[in-house]
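Residue-level listing of the chains:
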Amino acid sequence: MFTVKNLYANLQKYFNYKHFQEGQKEIIESVLNGDDVLGILRTGSGKSLCYQLPAVMLPGITVVVSPLISLMIDQVRQVKSFYYKEVVALHSLQSKIERVQTLNQLHHYKLVYVSPELLQQESILSRFKQINVALFVIDEAHCISQWGYDFRPDYLRLANIINILGRPTVLALTGTATNEVQNDIKNKLKCPDMKMHVFPMDRPNISLIVHKITGGEEKKLSILSSLLTTYRQPTIIYFSSRKMTEKIAHLLSRNIPNRKVAYYHGGMENSDRLKIQQQFMNDQLDAVCCTSAFGMGINKKNIRFVIHYHIPTQIESFIQEIGRAGRDGKDSASIVLYRNGDEHVPLQIIKNEIPSEQEIMHVINKLHTLFLEEKKVPEEREEINNLFQIEETKWRFLQYQFETHGMIKLNEILYDEDEWNISLKKIKQFCTLRIQNKFNQFNEMTKWIHSSNCLRKELYKNFQNSMQQRETDCCSHCGFSLKQYEQLGMEEQMDDATNNWQEKLAQKLLIGDKDETGGNY
């Protein structure tokens, strides 16, 4: 049985901290008491400590299910470098030999990171069954919920895995979750009695700016070039389009040769993505142009600007992405660049995320053909792509639906014409419901973009009842109005003697767009 005294002793011994951040102590105490916990902590508040400390205090091992290979690798590196050595990750970039060696030595570790896909493999799951799993952690737990912004069907199978492992204590962690998503997480994990530790999500050190512009895309490029020229501060620039991510990165590199800019998106090779991430973490890059594939778990303390070139599809993902900034507690800024018509990009993304009726019927026909040929559903990604001609994310979505409705079991096709017709109708209805939900979430995002109220209050109103007051530099509607900087004078006054980046930013944006916007933002 742990005591508060040895809790702080281990905090000091392994992590060299004397105090906990908000929410950490409450979550850790519940976990050590054997309670299942759903913890919601603001981005940058040290969620990883909530399982890294219990891992060295509990008998057995702590298993952490993580959605991204880059996130796992970075976490292992940090823990080994600063805290303790008994940590390892299992992921698809390892060779089979490396994976087998890790599995054979599994009992020597206290903390093991693994992807949800690998954990479903019988050879890996059977090895975990042989050892004592004391704590089962689901990082980025919003991925469980079908209503979460980053829903992943593989997370839905975790409830069964938890039972197979002997029902260890469960800790689910995320930075953003509405009440609907919180309830969905508990239901999907079959943990209705989870202890809830929900803390404010607001990051008061991040100023919020919606920068409305007129003109074409070249205006956005001009603003980005101006910002990166003026401030050599670590910057993330988010895009909704892989093509635009690469295009703008190349243009910025050409326009500002003394700034190092790279791009990052899910269509790149894993090794290339890891390289870009490590270069950014080690201050070898000034800015990264990226899609939402970059950011989850990125724990670089000194990011000063998070800029959205395109509108995110929903509030939750936006909160997560701006949470990359200012993790050292220093003043930082979120800037959304908006022009009329920007809505069409995210709307097209939403339409493409869910399988269309035509795609569903194509996959169904292929499955029926496999059944007639007495074949199973292929497991290899390349075979699946060649057979179904559908994006991997859509296939995983449909695969889970087929399994849920008893159409597939262990890759074996269970065909019954009447049952399939009933199930097919339900699947189509669910797809319609899900896409409508996504449209509703995007409407909330656009309402925020066009709101005339305090952007901070509007952003967090569905997540918390109150927030820390920021008297100045709050947002572009109250404390961070660019008009307040007019007294700074002409642009030549904005020289290197100006130490406050916020004053420089306000003056730069004011001069760049004063005539077009009338200062109304």
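Quick caveat, the model's predicted, so the values are computed rather than measured. (Residues numbered from 1 in each chain as written. Predicted model: local features only at pLDDT ≥ 70, side-chain atom pairs only at ≥ 80, totals over all residues. Heavy atoms only, no water.)

Remarks on the confidence of the model for the protein
And then number 1: The pLDDT averaged across the protein works out to 85; a share of 88% of its residues lies at or above 70.
And then number 2: Element-level mean pLDDT values for the protein span from 53 in helix H20 (residues 501–517) up to 96 in strand S5 (residues 133–138).
And then number 3: Confidence over residues 481–498 falls short of pLDDT 50; this stretch has 33 contacts with residues more than four positions distant or in other chains.
And then number 4: Low confidence marks residues 511–521, where pLDDT is under 50. Its contacts with residues over four positions away, or in another chain, come to 22 contacts. (pLDDT = per-residue confidence, 0-100. Helix = DSSP H or I, 4+ residues; strand = E, 2+ residues; numbered from the N terminus. Contact = heavy atoms within 4.5 Å.)

Quick word on the sheet that holds strand S12 (residues 305–308)
And then number 1: Across the sheet, six strands lie side by side as S8-S13-S12-S9-S11-S10; this open sheet has parallel pairing. The outermost strands of the open sheet, each flanked by one partner alone, are strand S8 (206–212) and strand S10 (261–264). Averaged over all pairs of adjacent strands, the angle between their axes in this sheet comes to 20°, without regard to strand direction.
And then number 2: Both S12 and strand S13 (residues 332–338) contribute to a ladder of four bridges, which runs parallel. If you follow Val 306 over to S13, its bridge partner there is Ser 334.
And then number 3: Packing of helix H11 (residues 242–255) onto the sheet brings it into contact with strand S9 (235–238), S10 and strand S11 (287–290), and relative to S10 it is tilted by some 175°. (Pairing = 2+ DSSP bridges. Axes fitted to C-alpha atoms, helices over the stretch in contact; angles between N-to-C directions.)

Points about the pairing of S13
Remark: a regular strand shows side chains that alternate across the two faces of the sheet.
And then number 1: Of all the seven residues making up S13, seven are buried; the element is thus mostly covered by neighbouring parts of the structure.
And then number 2: Burial of S13 is two-sided: the residues Ser 332, Ser 334, Val 336 and Tyr 338 facing one way and the residues Ala 333, Ile 335 and Leu 337 facing the other way are all buried.
And then number 3: Bridge count between S8 and S13: seven bridges; the pairing is parallel. Paired with Val 210 across the two strands is Val 336, which belongs to S13.
And then number 4: The handedness of the S12 to S13 crossover, carried by helix H13 (residues 315–322), is right-handed. (Buried < 20%, exposed > 50% of the residue type's maximum accessible area, 1.4 Å probe, protein only. Right-handed = clockwise from strand over helix to strand, strands pointing away.)

A word on the packing of aromatic side chains
And then number 1: Tallied over the full model, the rule gives 17 aromatic pairs.
And then number 2: Summarising the aromatic geometry, the rings of Tyr 231 and Phe 305 are spaced 5.4 Å apart at their centres and angled 40° between planes, so their arrangement reads as tilted. Pair noted here: Tyr 231 is in the loop between helix H10 (217–230) and S9 and Phe 305 is in strand S12, with a separation of 74 residues, a long-range link.
And then number 3: Look at Tyr 231 and you get buried, because its relative accessible area is 4%.
And then number 4: Measuring from ring centre to ring centre gives 5.2 Å for Phe 371 and Tyr 415, while their planes differ by 40°; the resulting arrangement is tilted. With Phe 371 in helix H15 (residues 357–372) and Tyr 415 in the loop between strand S15 (412–413) and helix H18 (417–450), this pair connects stretches of sequence that are 44 residues apart.
And then number 5: Looking at Tyr 415, the relative accessible area reads 28%, which means it is partly exposed.
And then number 6: Of the aromatic side chains, those joined through ring pairs into one cluster are Tyr 14, Phe 15, Tyr 17, Phe 82, Tyr 83 and Tyr 84.
And then number 7: One Lys or Arg, Lys 220, reaches over the ring of Tyr 309 and ends 4.8 Å from the middle of that ring. (Phe/Tyr/Trp six-rings, centres within 6.5 Å; stacked < 30°, edge-to-face > 60°. Lys NZ or Arg CZ within 6 Å of the ring centre and 35° of its normal.)

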